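Fold and geometry: a report
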Amino acid sequence: MPDGSDENSVVPIIAAIEAPYLSDLSERDKPWDKHRKNTDKVSAHYRGSEFNVLADRTSFCSEFLDFRLRPGDEGELRLKLSTARFCRVRHCPVCQWRRSLMWKAKAYKVLPQIVEKYPKHRWLFVTLTVKNCPIAELRATLTWMNESFKRLTKLKDWPAQGWLKSVEVTRGKDGSAHPHFHCLLLVPPSYFSHGYLSQAKWVELWQRCLRIDYQPVMDVQAVKKGAQPMSLVPELLKYCVKESDLVADREWFLELTRQLHKTRAIGTGGVLKQYLKELEEEPEDLIGQEETGEADEGHLYFGWRKNVKKYKLLP
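Remember, it's a predicted structure, so these values are computed and weren't measured experimentally.

**Topic: helix α5 (residues 138–153)**
Here α5 spans 22 Å end to end across 16 residues, near enough to the 22 Å set by a 1.5 Å rise per residue. Buried within α5 are the following residues: L138, T141, L142, M145, S148, F149, L152 and T153. Along the long axis of α5, the arc covered by the buried residues comes to 135°, so they all point the same way. Turned more than 90 degrees off the buried face of α5, the exposed positions are A140 and K150.

Given below as structure tokens:
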């Protein structure tokens, strides 16, 4: 310090560095911001309703994320989620997203075992629909569809030896509900030479099991011979309800919550049940086994900043 200077007058110069956002540090983690922003909207929908307790739970869901830096496949450091608190509310966008990831991870792990067990079998991807129903009749409609599907699997013409069925509900422009099933079917090698069902035949069978007087819309796709069914997993095990539908209309969303309470989103049957039965259960860990492990480079803590709607590195 120069002679004659007053040390109290010396002001240290400190470079102000803006704390980074999670999306700035990891491109692959950008979805966190999108899903958490929609979770705030869902929480607002629940607030002041009979589901007020769910408003509190979703409000605090994944508010803080603990990431660890770990080596990637090529030795580079990548962020891996280590700890987070999830609300596990069925229609929470964050938990719905994480649950879907867990289901997909299990399916990707198990399906190759099934292919190895049944190397000559073929796969079908079938979508079963009915006409839209009022949202207040969704539970009754799903019960009817599940009973109809059970009748379908007991028909003499039913070709599948095993199946995985998921439920999806979309919102119609008029506020109605459009429930439908996505089904992955394992059929014997002889299906395309003996016992083949045309599109028209599938429609006829589904109509008969539904016991309706109109022809329902159906889609039947065959996985090419030698191709793997894993390519169908993203469509089969996606969200039960699109996030855009969850946040579009508060009253529709609240009625959806009432209608889907304690209903099952995934079902398995036949020879696939022993392989895929875990998909019928709530995943124990929404973080995922691939994202756990001992830290190599310490921790990074991100908190959800509601004023900027992003996860920001905590001081």
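**Section: the pattern of salt bridges**
Going through the model one piece at a time under the given rule, you end up with 14 salt bridges. Between K106 and E278 there is a salt bridge, with the nearest N and O atoms lying 3.8 Å from each other. Of this pair, K106 sits in helix α4 (residues 93–117) while E278 sits in the loop between α10 (273–276) and β8 (299–305), and the two are 172 residues apart along the sequence. Taking relative accessible area as the criterion, K106 reaches 26% and is therefore assigned partly exposed. The partner of K201 in a salt bridge is E204, with the nearest N and O atoms 3.5 Å apart.

**Details of empty space enclosed by the protein**
A probe matching the size of a water molecule, rolled over the atoms, marks out where space remains unfilled. The full count for this structure, using the stated rule, is two cavities of 30 Å³ or more. Lining the largest cavity, in full, are W103, S166, V167, L236, L237, K238, Y239, C240, A265 and I266. For the lining of the largest cavity, the class distribution of residues is eight nonpolar, one polar and one charged.

**Some thoughts on the nonpolar core**
Within the largest apolar cluster, 68 residues are counted, with the highest numbers of intra-cluster contacts made by W32, F86 and L256. At six residues, helix α6 (residues 199–210) tops the list of elements feeding residues into this core.

**Quick word on the environment of L152**
Note on placement: L152 falls in helix α5. A relative accessible area of 2% means that L152 is categorised as buried. Taking the C-alpha atoms as reference, L152 lies 5.9 Å from C209; in sequence the two are 57 residues apart. If sequence neighbours within four positions are ignored, L152 has contacts with L128, W158, L205, W206 and C209.

**Quick look at α4**
For α4, spanning 25 residues, the distance from its first C-alpha to its last is 36 Å, which sits close to the expected 36 Å at 1.5 Å a residue. The axis of α4 is deflected most strongly, by about 25°, at V110, and proline P112 appears within four residues downstream.

**Let's talk about the packing of aromatic side chains**
Under the definition given, this model contains 15 aromatic pairs. A ring pair is formed by W32 and Y311, whose centres lie 6.1 Å apart and whose planes are at 85°; its orientation type is edge-to-face. Separated by 279 residues along the polypeptide, W32 in helix α2 (residues 31–46) and Y311 in strand β9 (residues 310–313) bring together distant segments of the chain. Taken together, the ring pairs in this structure connect W32, F86, W97, W304 and Y311 into an aromatic cluster. Sitting above the plane of the Y214 ring, K131 keeps its charged end 4.3 Å from the centroid. Over the face of the ring belonging to F149 we find K165, whose NZ or CZ atom lies 5.3 Å from the ring centre.

**Points about the sheet that holds β8**
The strand order across the open sheet formed by four strands is β2-β1-β8-β9, and the pairing between neighbours is antiparallel. The open sheet has two edge strands, β2 (77–84) and β9, and neither has a second partner. Neighbour-to-neighbour, the strand axes of the sheet open up by a mean angle of 35°, direction not taken into account.

**Side note on the confidence of the model for the chain**
With 90% of its residues at a pLDDT of at least 70, the chain reaches an overall mean of 88. Taken together, the stretch residues 289–296 has pLDDT below 50 and engages in 17 contacts with residues farther than four places along the chain or on a different chain.

**Overview of the packing of α5 against α6**
Between α5 and α6, the least distance of the axes is 8 Å, while the angle of their chain directions is 125°. As far as their axial angle goes, α6 and α5 are oblique. Remark: the crossing between α5 and α6 carries right-handed chirality. Here α5 contributes W144, M145, S148, F149, R151 and L152 to the contact with α6, which in turn contributes L205, W206, C209 and L210. Across the contact of α5 with α6, the residue classes break down as eight nonpolar, one polar and one charged.

**Examining the pairing of strand β7 (residues 266–270)**
Of all the five residues making up β7, four are buried; the element is thus mostly covered by neighbouring parts of the structure. With five bridges joining them, strand β4 (residues 162–171) and β7 adopt antiparallel strand pairing. Residue pairing across strands places L164 opposite T268, the latter belonging to β7.

**Re the state of the cysteines**
Within the structure shown, the criterion is met by zero disulfides. Just so you know, C92 is unpaired, no disulfide at all, and the nearest cysteine sulfur is the one on C87, 3.6 Å from it. Free of any disulfide, C183 has its nearest neighbouring cysteine sulfur in C209, separated by 12 Å. On the accessibility criterion, C183 (1% relative accessible area) is buried.

Conventions used here
- Residues numbered from 1 in each chain as written.
- Predicted model: local features only at pLDDT ≥ 70, side-chain atom pairs only at ≥ 80, totals over all residues.
- Heavy atoms only, no water.
- Helix = DSSP H or I, 4+ residues; strand = E, 2+ residues; numbered from the N terminus.
- Expected span 1.5 Å × (residues − 1).
- Buried < 20%, exposed > 50% of the residue type's maximum accessible area, 1.4 Å probe, protein only.
- Arc of directions from axis to C-beta.
- Salt bridge = Lys/Arg side-chain N within 4 Å of Asp/Glu carboxyl O.
- 1 Å grid on protein atoms, 1.4 Å probe; cavity = no way out; pocket = protein on both sides within 12 Å on 5 of 7 lines; lining within 4 Å.
- Points joined across faces, edges and corners; volume = space filled by probe spheres on them.
- Nonpolar A, V, L, I, M, F, W, Y, C, P; charged D, E, K, R; others polar.
- Core = buried A, V, L, I, M, F, W, Y, C linked by side-chain atoms within 4.5 Å.
- Contact = heavy atoms within 4.5 Å.
- Bend = angle between axes of the 7 residues up to and from the residue.
- Phe/Tyr/Trp six-rings, centres within 6.5 Å; stacked < 30°, edge-to-face > 60°.
- Lys NZ or Arg CZ within 6 Å of the ring centre and 35° of its normal.
- Pairing = 2+ DSSP bridges.
- Axes fitted to C-alpha atoms, helices over the stretch in contact; angles between N-to-C directions.
- pLDDT = per-residue confidence, 0-100.
- Parallel < 35°, antiparallel > 145°, perpendicular 65-115°, else oblique.
- Left-handed = near helix turned anticlockwise from the far one by under 90°.
- Disulfide = S-S within 2.5 Å.

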